[in-house]
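Residue-level structural notes
Single-letter residue listing:
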Amino acid sequence: MGVIARSRGAVGGHHGCGVRTYPQSDRLETLRSFIYTIGERSTSTVAGRMAWQLFTPCGDLRVEGGDGKPGVIGGKMIELDGVSKIYRMGDIELRALNNVSLKIDSGDLVAMMGPSGSGKSTMMNILGCLDVPTDGAYRLDGNDVGGLSDNALAEIRNRKIGFVFQSFNLIPRTSAVRNVELPMVYAGMGGRRDKAVEALERVGLGGRVKHMPNELSGGQQQRVAIARAIVTDPVMILADEPTGNLDSTSTVEIMKLLIELNDSGRTVILITHEDEVASFAKRVITLRDGEIVRDEIPRNRAAITP
Ligand SMILES: Nc1ncnc2c1ncn2[C@@H]1O[C@H](COP(=O)(O)OP(=O)(O)OP(=O)(O)O)[C@@H](O)[C@H]1O
Ligand SMILES: [Mg+2]
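Fair warning: this is a prediction, and the values are worked out from it, not measured in the lab.

Around ligand 1 there are 15 residues in total, and Tyr87, Ala96, Ser116, Ser121 and Thr122 lie nearest to it. Among the secondary structure elements, those contributing two or more residues to the shell around ligand 1 are helix 1 (2–6), strand 1 (76–89), strand 2 (92–105) and helix 4 (120–127). For the shell around ligand 1, the residue count by class is 5 nonpolar, 8 polar and 2 charged.

As structure tokens, then:
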């Protein structure tokens, strides 16, 4: 789980240039009680640590266009300009991404493919503001992400991006509804229980709100993760092999949900090794050795039949 070592989110810390005015004391109190009840669980597992870092509390910062509404369809959601990511291991330099330039429109549904080690997750981590490029510029929904502090990156993540991973990353021994509430706690949002239940209903799990992750099937756990990703109403969903651990029936269910989210205006970017999954995308980008080697609009896009 390289993401954990590489992610830049830090728990705590506040930046004072506030436009989002949640009373800090209320927010801290809520956070404290949440941390008290799930903290031990969340930091004692890989999945928990991942969730923990994704939903970092982040202070009050101004994020342009961060109103939780989908961007203008056809406007630019993502602009990468000459982005490289270089890992240095002693004397050896590894270019995980090599001078990548890429634009993705708001409202697009993009599949990223490529062999193992080609840089897909590295790309996703940068797009998701979990990591920053070594070189080059990244604009996300009009925000120049390059020079931002950890706090500001956390704010962008919380407000604009919903994450879905291959291994679900739910916090164990914590009910579905509490898992879905987590990002709202960090974002300082009110009405959490109702919104969490609503998100679970949206993914077809209205009857499972009190279930613990280990009482749910893999496909259901991934649907909880999608509910958690959408509950803050992000403009973009990033999914790193969201169907990698699922059977073909659950794969179709998850793709159906991602397509619905895309139909409602969200930009969706997913990594997959499966041609079948990529066939649902509006655009397929292939990486090799840290470079984009193919970028195409499939002529016969697959449709999900009810
Ligand atoms: N934290 C790190 N430190 C050093 N090298 C890394 C780190 N993370 C990734 N790499 C290297 O960068 C390259 C790209 O890795 P990445 O995880 O992006 O590949 P990927 O396309 O997602 O592969 P997979 O399909 O196996 O998930 C690989 O060669 C990998 O070994
Ligand atoms: Mg990967």
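Now for helix 6 (residues 176–187). Given 3.6 residues per helical turn, the α-helix brings residues three or four places apart onto the same face. The buried count for helix 6 comes to 11 of 12 residues, which makes it a mostly enclosed element. A positive phi of about 70° marks Gly188, the residue just after helix 6.

Let us look at the sheet that holds strand 4 (residues 135–140). With antiparallel pairing, 4 strands are arranged side by side in an open sheet as 2-1-4-5. Edge positions in the open sheet fall to strand 2 and strand 5 (143–144), since each of these has one partner strand only. Two strands pair when backbone bridges link them, and strand 4 and strand 5 are joined in this way by 2 bridges, in the antiparallel orientation. Looking at the pairing, Leu140 lines up with Asn143 of strand 5. Relative to the sheet, helix 4 contacts strand 1, strand 2 and strand 4, its axis offset from that of strand 1 by approximately 125°.

For Asp141, which is not glycine, the phi dihedral falls at a positive 50°. Note that Asp141 resides in the loop between strand 4 and strand 5. Residue class for Asp141 comes out buried when judged on the 25 C-beta atoms lying within 10 Å of it. Even without a glycine there, the phi angle at Asn169 is positive, about 55°. By the element assignment, Asn169 lies in the loop between strand 6 (161–165) and helix 6. Its 24 C-beta neighbours within 10 Å are what place Asn169 among the buried residues.

Conventions and cut-offs
- Residues numbered from 1 in each chain as written.
- Chains lettered and ligands numbered in written order.
- Predicted model: local features only at pLDDT ≥ 70, side-chain atom pairs only at ≥ 80, totals over all residues.
- Near = placed C-beta within 6 Å.
- Helix = DSSP H or I, 4+ residues; strand = E, 2+ residues; numbered from the N terminus.
- Nonpolar A, V, L, I, M, F, W, Y, C, P; charged D, E, K, R; others polar.
- Buried ≥ 20, exposed ≤ 12 C-beta atoms within 10 Å, placed from the backbone.
- Pairing = 2+ DSSP bridges.
- Contact = placed C-beta atoms within 7 Å.
- Axes fitted to C-alpha atoms, helices over the stretch in contact; angles between N-to-C directions.

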